[in-house]
Amino acid sequence: MYAEAAAAKPQPIPAHLRRIADGAPGAEAAEALRAWRALRDAGHLLSANQLAEFVARGVLSFPALIDQAFNREFIDWVAGGGSTGEGYVGEDLRTAWPAGSLVPRLLAMPQVAGIIASLVGPSPRFDHVALHRVPAGRLLGQNWHADATIDPREDAFDLQLMYFPHDLPAEMGGTMLLPGSHLRMVHEISIARYQHFVGQMPTICPAGTIHVLHHGIWHRARGNATDRERLMFKIRLNPRWKQERLYAPGEHRSPEINGILTRTEPWMGVEGRLEVINRIRLWRHLTGDPQFDARMWMGRLESRPQARIHPASGPE
Ligand SMILES: O=C(O)CCC(=O)C(=O)O
Ligand SMILES: [Fe+2]
């Protein structure tokens, strides 16, 4: 067995996987950049305030963003056996599904494309998808978890989109999210011992709602007490450009933004300040402003005066 392994020739790494390792934008960089600029010029990018909200809470909600005709088509397609597939790791988003099929059409809608472009930039990589179907009457939900694993990146994040094609009343459960949990790094289901949090957010929403999540958000599927199946389409995207100033041109230093970044969540208790500091760190990266601060939370930690009264060495 060992001899066989030693004799095996190393396989070349397929091109699309190589790009994961070096994080480069890929051959389509120029075209992708043009598309990002077109979204910006057409006013489809998120504002600095919306981005601050995302940094603070790890979730942005867009109720009824997708029109009823598309929602209906999506539901019928699933009912007819349509599948989004279960692709994983590094496929090219532009070619992962046949042109004109439902997933690329959803992602190409200007509002959806604008959200994606504002958070993960031009031509993000397709990480994985899942079509979550919770059968009628299945009361058992998931445990609390974060997707993937502890992810220590400070200057980058992946985006997760959840699309709910039908109305989601409270008794259908939906997904429970914990706003503000995204920078509290945990390993997957290690948080399963928790049951409820003060300030948890159920995805009770009208048809066509999209929730946009930072990859670190804590969440769980809930049971479905209705007599209808619950559907949710999720897709995860990885950035391939530096996530700096991807949002709509605008002021990123303002009293309003400071207010958003320093507003803590009820479940944080006395630890809210730790999250404010995490948010400021992320905001600095996303705005390209390493001096940014809010209420001196970072400035205090960074204050190390260098001016000396006495010479560094030798007698005065
Ligand atoms: O079905 C749900 O509501 C959540 C599923 C989930 O945990 C996920 O997509 O990561
Ligand atoms: Fe999950």
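The structure presented is a predicted model; accordingly, all values stated were derived computationally and were not measured. (Residues numbered from 1 in each chain as written. Chains lettered and ligands numbered in written order. Predicted model: local features only at pLDDT ≥ 70, side-chain atom pairs only at ≥ 80, totals over all residues.)

Before going further, it helps to spend a moment on the overall build of the protein chain. The helix and strand tally for the protein chain stands at ten helices and nine strands. Taking all 316 residues of the protein chain together, the buried fraction comes to 36%. Summarising the internal contacts of the protein chain: among those between residues at least 6 apart in sequence, 88% fall at separations of at least 24. (Helix = DSSP H or I, 4+ residues; strand = E, 2+ residues; numbered from the N terminus. Buried ≥ 20, exposed ≤ 12 C-beta atoms within 10 Å, placed from the backbone. Contact = placed C-beta atoms within 7 Å.)

This brings us to the packing of helix 4 (residues 48-57) against helix 8 (residues 255-262). At their nearest, the axes of helix 4 and helix 8 sit 8 Å apart, and the two run at 15° to each other. Overall, the two elements helix 4 and helix 8 adopt an arrangement that is roughly parallel. Crossing geometry of helix 4 relative to helix 8 is assigned as right-handed. Residues Ala48, Asn49, Ala52, Glu53, Val55 and Ala56 of helix 4 lie in contact with helix 8, whose contacting residues are Glu256, Ile257, Ile260 and Leu261. (Axes fitted to C-alpha atoms, helices over the stretch in contact; angles between N-to-C directions. Parallel < 35°, antiparallel > 145°, perpendicular 65-115°, else oblique. Left-handed = near helix turned anticlockwise from the far one by under 90°.)

This paragraph deals with the site of ligand 1. Around ligand 1 lies a shell formed by Ala130, His132, Gln142, Asp147, Thr175, His219, Ala221, Met232 and Lys234. For the shell around ligand 1, the secondary structure elements donating two or more residues are strand 3 (125-134), strand 8 (218-221) and strand 9 (230-238). Taken together, the residues of the shell around ligand 1 break down into three nonpolar, four polar and two charged. (Near = placed C-beta within 6 Å. Nonpolar A, V, L, I, M, F, W, Y, C, P; charged D, E, K, R; others polar.)

Within the secondary structure, Trp144 sits in the loop between strand 3 and strand 4 (159-164). Given 22 C-beta atoms within a 10 Å radius, Trp144 is considered buried. Taking the C-alpha atoms as reference points, Trp144 and Met176, 32 residues apart in sequence, are found 8.6 Å from one another. What Trp144 contacts, discounting residues up to four positions off in sequence, is Ile191, Ala192, Tyr194, Trp218 and Arg220.

Once that is clear, we can look at the nonpolar core. Within the largest apolar cluster, 60 residues are counted, with the highest numbers of intra-cluster contacts made by Ala52, Val55, Ile116, Tyr163 and Leu261. The residues touching Ile116, leaving out its near neighbours within four places in the chain, are Leu107, Pro124, Leu159 and Leu237. (Core = buried A, V, L, I, M, F, W, Y, C linked by C-beta atoms within 7 Å.)

Turning our eyes to something else, we now look at the pairing of strand 8. The alternating pattern of strand 8 places Trp218 and Arg220 and His219 and Ala221 on opposite faces, both of which are buried. Note that strand 5 (residues 175-178) and strand 8 share four bridges and pair antiparallel. Directly across from Leu178, in strand 8, lies its bridge partner Trp218. (Pairing = 2+ DSSP bridges.)

Looking now at unusual backbone geometry. Although it is not a glycine, Arg245 sits at a positive phi angle of roughly 50°. Classification of Arg245 by C-beta neighbours within 10 Å gives partly exposed; the count is 16. The backbone of Met296 sits at a positive phi, close to 60°, despite the residue not being glycine. Summarising the element assignment, Met296 is placed in the loop between helix 9 (272-287) and helix 10 (297-302).

Bringing the sheet that holds strand 6 (residues 201-202) into the picture now. Pairing in this open sheet of three strands is antiparallel, and the strands run 6-5-8 from one edge to the other. Looking along the sheet, the strands with just one partner apiece sit at the ends: strand 6 and strand 8.

A few words now on helix 8. Of the residues making up helix 8, those classed as buried are Ile257, Ile260 and Leu261. All buried residues of helix 8 fall inside an arc of 95° around its axis, so they share one side. (Arc of directions from axis to C-beta.)

Turning to the confidence of the model for the protein chain, a few remarks are in order. Confidence along the protein chain averages 91 in pLDDT terms, with 89% of residues attaining 70 or more. Low pLDDT, under 50, characterises residues 1-6; the predicted model gives this stretch zero contacts beyond four residues in sequence or across chains. (pLDDT = per-residue confidence, 0-100.)

It is worth spelling out the environment of Ser47 at this point. For Ser47, the position within the fold is in the loop between helix 3 (29-41) and helix 4. Residues Ser47 and Ala248, spaced 201 residues apart in sequence, show a C-alpha to C-alpha distance of 5.1 Å. Excluding its chain neighbours within four sequence positions, the residues that come into contact with Ser47 are Tyr247, Ala248 and Gly250.

Let us now look at helix 3. An ideal rise of 1.5 Å per residue puts 18 Å on 13 residues; helix 3 measures up with 18 Å between its terminal C-alpha atoms. Within helix 3 the residues assigned to the buried category are Ala32, Trp36 and Leu39. Buried residues in helix 3, looked at end-on, bunch into an arc of 60°, giving them a common side. Of the exposed residues in helix 3, those oriented more than 90 degrees away from the buried face are Ala30, Arg34, Arg37 and Asp41. Buried positions along helix 3 lie against helix 7 (110-120). Looking at the residues trailing helix 3, positive phi occurs at Gly43, about 80°. (Expected span 1.5 Å × (residues − 1).)

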